[in-house]
Amino acid sequence: MIHQMRSEWIKFRTVRSTVVLMVLAVVLAVGVAVLAGFLVDSTMRIDDALAGVQVASLLILVLGVQIVGQEYRFATIRPTFSATPRRGRVILAKLVVLCVVTTVASVALMALSVLSAWLVTRFQDVRLVLSGPGVGRVIIGTVVVLVIHAILGFGVGCIVRQPIAGIVIVLVWVTVIEGILIGLLPEAVKWFPIAGMTNVNALVLQRDRGPDAVELLGPVAAALYSASIACALVAIGWLRIRTSDA
Amino acid sequence: MRATDRRIRNDSRVIRSEGLTKRFGGRTAVDDLTFEVRSGTVTGFLGPNGAGKSTTMRMIMGLDVPDAGGSTLNGRRIHDLDTPMREVGVLLDAGYLHPTRRAHHHLWALAASNGIPRSRVDEVLALVGLTEVADQRVGKFSLGMKQRLGIAAALLGDPSIIILDEPANGLDPEGVHWIRTFLSYLAGQGRTVFVSSHLLSEMALMADDLVIIGGGRLIAETDVRSLTANAGGGSVIVRGPDRIGLRRAITGAGGEVADEGDALAVVGMDAAAIGRVAHEAQLELHELAPRSTSLEDAFLQLTAGAQEYRTAGPAEEPS
């Protein structure tokens, strides 16, 4: 298993697309943090500083699709499975590498975002507030949310086994389907795998936002719920991969 | 368990497929295919395009899931091998590459998955002559270079079995020559080479054994010499001053005679019998030459009807 994980790590970092996605994520995180520094009135809170990381979660979804979809697109899955005929090891190794990379990347993105926010606020008449209740949840929750995004993308990638179709599906899901459904069925938002995670890394929980706020699951419940859906997608994808011709 | 291992190791048949069957939709690509490949031989896997060679190889490697039957390598199913690259090296298609990955990274990732040290990557790159381009992205590689890279990948684990699917396909003459020389070199090291081709001429020079399939079914498990000898249709060329007399005598003895220029082509009697007939009829002979069917003819005879696409009319005549 350790061999497969090494192999997957080498594969991960030796194609251009994953490097491009990572660079894009950094640009997005830093860019939005800087922008937020100009837009906030007098106080910049940690969730403002990390708004870009939140947006970068879309790229993590794409990354999850890519890590398995690309192997099918370029048929490198065949040499991969020839070298490791027990396909479960390959899938698990990919998932572990993806989750570790996402964890490290999310910490790095948060650090870069906060650093950028700090630099911007130094030259503005803005106060950067990084402590207070809820900050721990924002930091840990952001890692959790990004990792769940990665697993969701990975699950879709395993099921679809084509990067382009997989990416379209996850992006349309997040931006169009969940977007429309939120408007139509606000009471059902808590059951959406992405939008339902809002509480997981929120500085202020939804229930404290006033009577008009949409009702959501608590942070832990929401994270567990979305993680379960992500794992179910991976399980379905795994069943397909296990029984299909490579 | 140990006794079983020893028996398997001593087994001279390193690749065995039994009852392999694969259907795609309504079409049966491989149909109850059973064959063996002996240890230390070069075995040609022959058949027309669409005969099921690639599908068979993918099933041997555990990539395509058979509808029935199975295969073993060194007596074990591929799924039971922890580090298959150390036992079997495979090149199914040189294009199975990520275009933006560098050549040595491609090999390194494969090597790592089987616990093969990175130093081996440089060794196999040198072996196939790609050291200088090791740092290039493979998207820029020509087909010939990709083919070499594929062979390098197959050799990473220093395996005793090498499986190659149409390795010379699409290559320029220089590339074909390189592949042929390299396969001979691998065979010379005592490795078992199982190589597919739709061209018998390609195999005739190097293969010891032949597994011939058509329409997904086994047509023959043979070797090059028996193929030509047993293919049937071997005729004897007979020439003499009295053609009419010869024809009458041979026909009378049960041979079938056809004109071929100023000679006769006899089918159904061997040279000794024809000589005896001529001697008994006191007919002078100028030539009595058994003519073996060419390899290509034998191959075409065997696989006739099994080709997926056939040309009609004059184009089918061999040149």
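Owing to the predicted nature of the structure, the values given are computational and were not obtained by experimental measurement. Numbering of residues starts from 1 in each chain and follows the order in which that chain's sequence is written. Ligands are numbered from 1 and chains lettered from A, in the order in which they are written. Where totals are concerned, whole chains, interfaces and linings use all residues; where local detail is concerned, this predicted model gives features only for residues with pLDDT of at least 70, and gives and counts side-chain atom pairs only at 80 or more. Heavy atoms from the whole structure form the basis of all side-chain values; hydrogens and water molecules are not counted.

A turn of α-helix holds 3.6 residues, and therefore any two residues three or four places apart point the same way. Residues and elements named next belong to chain B. Buried means the residue's accessible area, taken with a 1.4 Å probe over protein chains only, is under 20% of the maximum for its type, while exposed means over 50%, and partly exposed covers the values in between. The helix count covers DSSP runs of H or I at least four residues long, the strand count covers runs of E at least two residues long, and both are numbered beginning at the N terminus. Arg120, Val121, Val124 and Leu125 are the residues of helix α4 (residues 119-127) that are buried. Projection of α4 onto a plane perpendicular to its axis shows the buried side chains occupying an angular sector of 140°, all on one side. Residue contacts are counted whenever heavy atoms from the two residues lie within 4.5 Å of one another. Of the surrounding elements, those touching the buried residues of α4 are α3 (103-113) and α5 (143-155). Glycine 129 sits one or two residues past α4 and shows a positive phi near 75°. For this quantity, the arc is that covered by the directions from the helix axis to the C-beta atoms.

As used here, the term nonpolar core means buried Ala, Val, Leu, Ile, Met, Phe, Trp, Tyr and Cys residues forming a set that is joined through side-chain atoms within 4.5 Å. Formed by 83 residues in total, the largest nonpolar core has its most connected members in Phe81(A), Phe154(A), Ile15(B), Leu73(B), Ile163(B) and Phe194(B). If one sorts the elements of this core by residue count, helix α7 (residues 135-160) of chain A sits on top with 13 residues. Dropping the residues within four chain positions of it, Ile15(B) is found in contact with Phe35(B), Glu36(B), Val37(B), Ile60(B), Thr72(B), Leu73(B), Ile161(B), Ile163(B) and Phe194(B). Counting 52 residues, the second-largest nonpolar core is a separate cluster that includes Leu46(B), Leu97(B), Ala134(B) and Phe299(B).

What follows concerns the interface of chain B and chain A. Facing the 33 residues of chain B at the interface are 28 residues of chain A. Buried area, as used here, totals the accessible surface that two parts lose on assembly, with accessibility defined by a 1.4 Å probe and the loss added over both. The contact between chain B and chain A buries some 2700 Å² in all, and 56% of this surface belongs to carbon and sulfur atoms. Together, Leu63(B), Tyr96(B) and Arg101(B) form the three largest contributors to the area buried by chain B at its contact with chain A, with a combined 23%. Any Lys or Arg side-chain nitrogen found within 4 Å of a carboxyl oxygen on Asp or Glu counts as a salt bridge. Of the charged contacts in the structure, one is a salt bridge between Asp245(A) and Lys22(B), with a shortest N-O distance of 2.9 Å. A 3.5 Å cut-off defines polar contacts: any pair of N or O atoms within that distance qualifies, except that in protein one atom must be a possible hydrogen donor and the other a possible acceptor, and neighbouring residues in sequence count only when both atoms are side-chain atoms. For the pair chain B and chain A, the number of links is 15 residue pairs in polar contact (both at pLDDT 80 or more). Residue assignment for the side of chain B that touches chain A shows that the elements contributing at least two residues are β1 (13-24) and α3 of chain B. A total of six residues in the side of chain B that touches chain A trace back to one element, the largest contributor, which is α3(B). Polar here means any residue outside two lists: the nonpolar Ala, Val, Leu, Ile, Met, Phe, Trp, Tyr, Cys and Pro, and the charged Asp, Glu, Lys and Arg; Gly therefore counts as polar. The class makeup of the residues in the side of chain B that touches chain A is 16 nonpolar, nine polar and eight charged.

Now for the pairing of strand β7 (residues 192-197) of chain B. Residue and element names in this part refer to chain B. With six of six residues buried, β7 is to be regarded as a mostly interior element. Because side chains alternate across β7, one face comprises the buried residues Thr192, Phe194 and Ser196, and the other comprises Val193, Val195 and Ser197, equally buried. A pair of strands is labelled paired if DSSP reports no fewer than 2 bridges between them. Relative to β7, strand β3 (residues 42-46) runs parallel, the two sharing five bridges. Within β7, the position partnered with threonine 43 by the bridge is phenylalanine 194.

Time to look at helix α2 (residues 16-39) of chain A. Residue and element names in this part refer to chain A. Expected span of a helix, by definition, is 1.5 Å for each gap between consecutive residues, and there is one gap fewer than residues. For α2, with 24 residues, the first-to-last C-alpha span of 34 Å sits near the 34 Å given by 1.5 Å per residue. Burial in α2 covers these residues: Ser17, Thr18, Leu21, Ala25, Ala29, Ala33, Ala36 and Gly37. The inward-facing, buried residues of α2 contact α1 (2-13), β1 (43-45), α3 (46-49), α4 (51-73) and α6 (87-122).

It is worth spelling out the packing of α2(A) against α4(A) at this point. The relative placement of two packed helices comes down to the angle between their axes together with the axis-to-axis distance. All names here are of chain A. At a closest axis distance of 8 Å, the pairing of α2 and α4 adopts a crossing angle of 170°. Judged by the inter-axis angle, α2 sits roughly antiparallel to α4. Seen from α2, the contacting residues are Ser17, Thr18, Leu21, Met22, Leu24, Ala25, Leu28, Ala29 and Val32; seen from α4, they are Ala51, Gly52, Val53, Val55, Ala56, Leu59, Val62, Leu63, Gln66 and Gln70. Residue composition of the contact of α2 with α4, by class: 14 nonpolar, five polar and no charged. Note on method: axes are straight lines fitted to C-alpha atoms, helices fitted across the in-contact stretch only, with angles between N-to-C directions ranging 0 to 180 degrees. Note on terminology: angles under 35 degrees are roughly parallel, angles over 145 are roughly antiparallel, angles of 65 to 115 are roughly perpendicular, and the others are oblique.

Moving on, we come to the sheet that holds strand β13 (residues 287-291) of chain B. Sheet strands pair via backbone hydrogen bonds, and the direction of the pair is either parallel or antiparallel. All names here are of chain B. What the four strands build is an open sheet, ordered β11-β12-β10-β13; its pairing is antiparallel. What marks the edges here is a single partner per strand, and that holds for β11 (256-260) and β13. Direction aside, neighbouring strands of the sheet carry axes that sit 25° apart on average. Pairing of β11 with strand β12 (residues 263-267), which is carried by five bridges, proceeds in the antiparallel orientation. Bridged to alanine 258 within β12 is alanine 265. Sheet strands in contact with helix α9 (residues 243-252) are β10 (235-239), β11 and β12, and its direction is about 155° off that of β11. Against the sheet, helix α10 (residues 271-280) contacts β10, β12 and β13, and its axis sits at roughly 160° relative to β13.

This part takes up a nonpolar patch on the surface. Residues and elements named next belong to chain A. Residues qualify for a patch when their relative accessible area is over 30% and they have no salt bridge, like charges being joined within 9 Å and the nonpolar side chains of Val, Leu, Ile, Met, Phe, Trp and Tyr within 5 Å. Using the Shrake-Rupley algorithm and a 1.4 Å probe, accessible areas are obtained, with residue cover drawn only from the displayed protein chains. Taken together, the side chains of Ile164, Val168, Val172, Trp173, Val176, Ile177, Ile180, Leu184 and Leu185 define a hydrophobic patch exposed on the protein surface, amounting to about 770 Å² of accessible area. Within the secondary structure layout, valine 172 lies in helix α8 (residues 163-184). Assessed through its relative accessible area of 34%, valine 172 is described here as partly exposed.

Domain annotation of chain B identifies domain 1 (2-222) and domain 2 (235-291). Distance between the C-alpha centres of domain 1 of chain B and domain 2 of chain B: 48 Å. What marks off one domain from the next here is an automatic or database domain assignment.

Moving on, we get to the pairing of β3(B). Residue and element names in this part refer to chain B. Counting buried positions along β3 yields five of five residues, so the element is predominantly enclosed. One ladder, built from four bridges, connects β3 with strand β8 (residues 209-214); its direction is parallel. Considered in β8, the bridge of phenylalanine 45 is made with valine 211.

Residues and elements named next belong to chain B. Reading across the sheet, the six strands line up as β5-β6-β7-β3-β8-β9 and stay open at both edges, with mixed pairing between neighbours. The strands lining the two open edges of the sheet, one partner per strand, are β5 (88-91) and β9 (217-223). Recorded for the sheet is a direction-independent mean angle of 15° between the axes of neighbouring strands. Here strand β6 (residues 161-165) pairs with β7 via five bridges, running parallel. From the neighbouring strand, leucine 164 faces β7, where its bridge partner is valine 195. Contacting β5 and β6, α5 crosses the sheet at an angle of about 165° to β5.

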